[in-house]
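# Observations on the model geometry
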Amino acid sequence: MSIFGFQFRPRKAATAQTAKERLQILLAHERIDTKAQDILPLLQRDILEVIRRHMQIDGDAVDIRMERDDERSSLEINIELPDARGGPARLQR
Amino acid sequence: MSKIIVVTSGKGGVGKTTTSAAISAGLAKRGQKTVVIDFDVGLRNLDLIMGCERRVVFDFINVIQGDAKLKQALIKDKRLENLAVLPTSQTRDKDALTREGVEKVLNELREEFDYIICDSPAGIEKGAQLAMYFADEAIVVTNPEVSSVRDSDRVLGLLNSRTRRAEQAGMEPVKAHALLTRYDTARVARGEMLTVEDVLEILAIPLLGIIPESPAVLRASNVGTPIVLDEPSKAGTAYEEAVARLMGEQVELRIATNERPGLFQRLFKRSA
């Protein structure tokens, strides 16, 4: 509401809506299956195992990142592969 | 030499996580390499206050149990390059924490960071005791309210007896600072609330700062921004001054008035 140029309500965006959306996204993920959060270490171990069947890689060479969104979640796995010349090469998927 | 600082209180809901987020962001803003660790296993919340809840993959417990490397679990802040968050597990309980595990992770963090901020859970059980065990300094968050002051006193007793510094001969005791939060000058003036002097007289430890009651704190938590990185506010400034004192600077103590504007201010100023 604005009378004579004075504003009676705070002009800042309502942050409560942001809070609600953040919670909804977070809780939707947490409620599905609390155990699902614990699969990542297992997933990492399995991926390493599969790759090790074919080549030598270091346990430190795997980097897993997750980005959760309201519409989708993405899992980014970076694996440093040993280069033929010794330097690390990078495989991204 | 890196410093381990525990943010603790005994009582819940006094502002430990808000303080951990604000102090760690404030230190990082001043160029200090800082990591903030959530010790509240099973009730993860620091990630929400720091705004990185969607980026948690591995956590403190995964690192302790050897399921992930520390660098995989550390979440780099997107706003400040010197700042990292180590989230806790939402699915385990405090029994997953071990003194040896915590020590190993802290030692590894010491190699990279100047400040390690440990956000303690409420209470005085295992989680809270492990959060304080390796601390060099403590920030005891206290509300000017009887139960909070009593619990702070109890926590000060634990800092002086159940920490590595207390147990090992020849070590200086944990340096404890009081941080008064939710301080309402109007209510203090009306004699409805304990004054700073009252609280300090009872606790008998140096004061790190006084954070005024402020709507900016809720606003910042709504959007997942540590208060010192959000829009300027008296609470944010008070935290920045506390950070300066924590780093050893002499900053004069000012008691900020509340940020709840009166009718007159609301009519003639547009900011809330």
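Just so we're clear, the structure is a prediction, and the values are computed from it rather than from any experiment. (Residues numbered from 1 in each chain as written. Chains lettered and ligands numbered in written order. Predicted model: local features only at pLDDT ≥ 70, side-chain atom pairs only at ≥ 80, totals over all residues. Heavy atoms only, no water.)

## A word on the overall build of chain B
Counting secondary structure elements, chain B contains 13 helices and 8 strands. What you see for chain B is a C-alpha radius of gyration of 18 Å, in line with the 19 Å of a compact globule of 272 residues. For chain B, buried positions account for 57% of its 272 residues. Considering only residue pairs separated by 6 or more positions, chain B has 75% of its internal contacts joining residues 24 or more positions apart. Taken as a whole, chain B presents about 11700 Å² of accessible surface, with 49% of it coming from carbon and sulfur. The distance from the centre of the 37 positive side-chain charges to the centre of the 38 negative ones in chain B is 4 Å. (Helix = DSSP H or I, 4+ residues; strand = E, 2+ residues; numbered from the N terminus. Rg over C-alpha atoms; globule rule 2.2 N^0.38 Å. Buried < 20%, exposed > 50% of the residue type's maximum accessible area, 1.4 Å probe, protein only. Contact = heavy atoms within 4.5 Å. Areas by Shrake-Rupley, 256 points an atom, 1.4 Å probe, with all protein chains shown as cover. Lys, Arg positive; Asp, Glu negative; His and termini not counted. Charge placed at Lys NZ, Arg CZ, Asp CG, Glu CD.)

## Some thoughts on the pairing of strand E5 (residues 115–119) of chain B
Residue and element names in this part refer to chain B. With 5 of 5 residues buried, E5 lies mostly within the body of the structure. Bridge count for strand E2 (residues 34–38) against E5 is 5 bridges, and the pairing is parallel. Pairing of aspartate 38 across the sheet is with aspartate 119, part of E5. (Pairing = 2+ DSSP bridges.)

## Observations regarding the packing of helix H7 (residues 146–159) of chain B against helix H10 (residues 196–203) of chain B
All names here are of chain B. At their nearest, the axes of H7 and H10 sit 10 Å apart, and the two run at 30° to each other. As H7 packs across H10, the resulting crossing turns out to be right-handed. Facing H7, whose interface residues are Val149, Ser152, Asp153 and Leu156, H10 presents Val199, Ile202 and Leu203. Split by residue class, the contact of H7 with H10 holds 5 nonpolar, 1 polar and 1 charged. (Axes fitted to C-alpha atoms, helices over the stretch in contact; angles between N-to-C directions. Left-handed = near helix turned anticlockwise from the far one by under 90°. Nonpolar A, V, L, I, M, F, W, Y, C, P; charged D, E, K, R; others polar.)

## Examining empty space enclosed by the protein
All names here are of chain B. Tallying each qualifying case throughout the model produces 2 cavities of 30 Å³ or more. Counted as a void, the largest cavity has a volume near 50 Å³. What lines the largest cavity is Thr18, Ala21, Ile49, Val217, Ala220, Ser221, Thr225, Pro226 and Ile227. Broken down by secondary-structure element, the contributors of at least two residues to the lining of the largest cavity are helix H1 (16–29) and helix H11 (215–223). Considering every element that reaches the lining of the largest cavity, the biggest residue donor is H11, with 3 residues. Grouping the amino acids of the lining of the largest cavity by side-chain chemistry returns 6 nonpolar, 3 polar and no charged. Considered as a void within the structure, the second largest cavity measures approximately 40 Å³ in volume. Lining the second largest cavity are Ile4, Glu103, Leu106, Asn107, Arg110, Phe134 and Arg164. (1 Å grid on protein atoms, 1.4 Å probe; cavity = no way out; pocket = protein on both sides within 12 Å on 5 of 7 lines; lining within 4 Å. Points joined across faces, edges and corners; volume = space filled by probe spheres on them.)

## Points about the side chain of Ser89(B)
Residue and element names in this part refer to chain B. Within the secondary structure, serine 89 is located in the loop between strand E4 (83–86) and helix H5 (99–110). A polar contact is formed between the side chain of serine 89 and the backbone nitrogen of threonine 91, at a distance of 3.1 Å. Excluding its chain neighbours within four sequence positions, the residues that come into contact with serine 89 are Val41, Gly42, Leu43, Arg44, Asp59 and Ile61. (Polar contact = N/O pair within 3.5 Å; in protein donor to acceptor, adjacent residues only side chain to side chain.)

## Examining the side chain of Ser214(B)
Mapping Ser214(B) onto the fold places it in the loop between strand E8 (207–212) and H11. In this structure the side chain of Ser214(B) is engaged in a polar contact, spanning 3.0 Å, whose partner is the backbone nitrogen of Ala216(B).

## Overview of the packing of aromatic side chains
All names here are of chain B. Taken as a whole and judged by the stated rule, the model has 2 aromatic pairs over all chains. Ring centres 5.1 Å apart and planes at 75° place the aromatic pair phenylalanine 39 and phenylalanine 60 in the edge-to-face group. Of this pair, phenylalanine 39 sits in the loop between E2 and helix H2 (46–50) while phenylalanine 60 sits in helix H3 (residues 60–64); the two residues are 21 residues apart in sequence, bridging distant segments of the chain. Each member of the pair, phenylalanine 39 as well as phenylalanine 60, is classed as buried. Relative to phenylalanine 134, the ring of tyrosine 133 has its centre 4.9 Å away and its plane inclined at 85°; by these criteria the two rings are edge-to-face. (Phe/Tyr/Trp six-rings, centres within 6.5 Å; stacked < 30°, edge-to-face > 60°.)

## What to know about the pairing of strand E7 (residues 175–183) of chain B
A regular strand carries its side chains on alternate faces of the sheet. All names here are of chain B. Counting buried residues along E7, 7 of its 9 residues qualify, which places the element largely inside the surrounding structure. Pairing geometry for E7 and E8, over 4 bridges, is parallel. Bridging from a neighbouring strand, alanine 178 pairs with leucine 207 of E8.

## Thoughts on the sheet that holds strand E6 (residues 137–142) of chain B
Residues and elements named next belong to chain B. If you walk across this open sheet you meet the 8 strands as E3-E4-E2-E5-E1-E6-E7-E8, and the pairing is mixed. Lying at the two open borders of the sheet, with one neighbouring strand each, are strand E3 (75–76) and E8. Its contacts with the sheet place H5 against strand E1 (3–8), E2, E4 and E5, and it is angled at close to 145° to E5.

## What about the confidence of the model for chain B?
Should the pLDDT be low somewhere, the predicted coordinates at that spot are not to be read in detail. For chain B, mean pLDDT is 94; residues scoring 70 or higher make up 95% of the total. Overall fold confidence for the complex sits at a pTM of 0.84, while the interface term, ipTM, reaches 0.79. (pLDDT = per-residue confidence, 0-100.)

## With respect to the state of the cysteines
Residues and elements named next belong to chain B. This structure, assessed with the given rule, holds 0 disulfides over all chains. Cysteine 52 carries a free sulfur, and the closest cysteine sulfur to it, the one in cysteine 118, is 16 Å from it. A relative accessible area of 1% places cysteine 118 in the buried class. (Disulfide = S-S within 2.5 Å.)

## Concerning the packing of helix H1 (residues 15–32) of chain A against H11(B)
Two numbers describe how H1(A) lies on H11(B): the axes approach to 7 Å, and their chain directions differ by 40°. If you check the angle between H1(A) and H11(B), you find them oblique. Note on packing geometry: the crossing formed by H1(A) with H11(B) is left-handed. Listed contacts from H11(B) to Thr15(A), Ala16(A), Thr18(A), Ala19(A) and Arg22(A) of H1(A) are Arg219(B), Ser221(B), Asn222(B) and Val223(B). For the contact of H1(A) with H11(B), a count of residues per class yields 3 nonpolar, 4 polar and 2 charged. (Parallel < 35°, antiparallel > 145°, perpendicular 65-115°, else oblique.)

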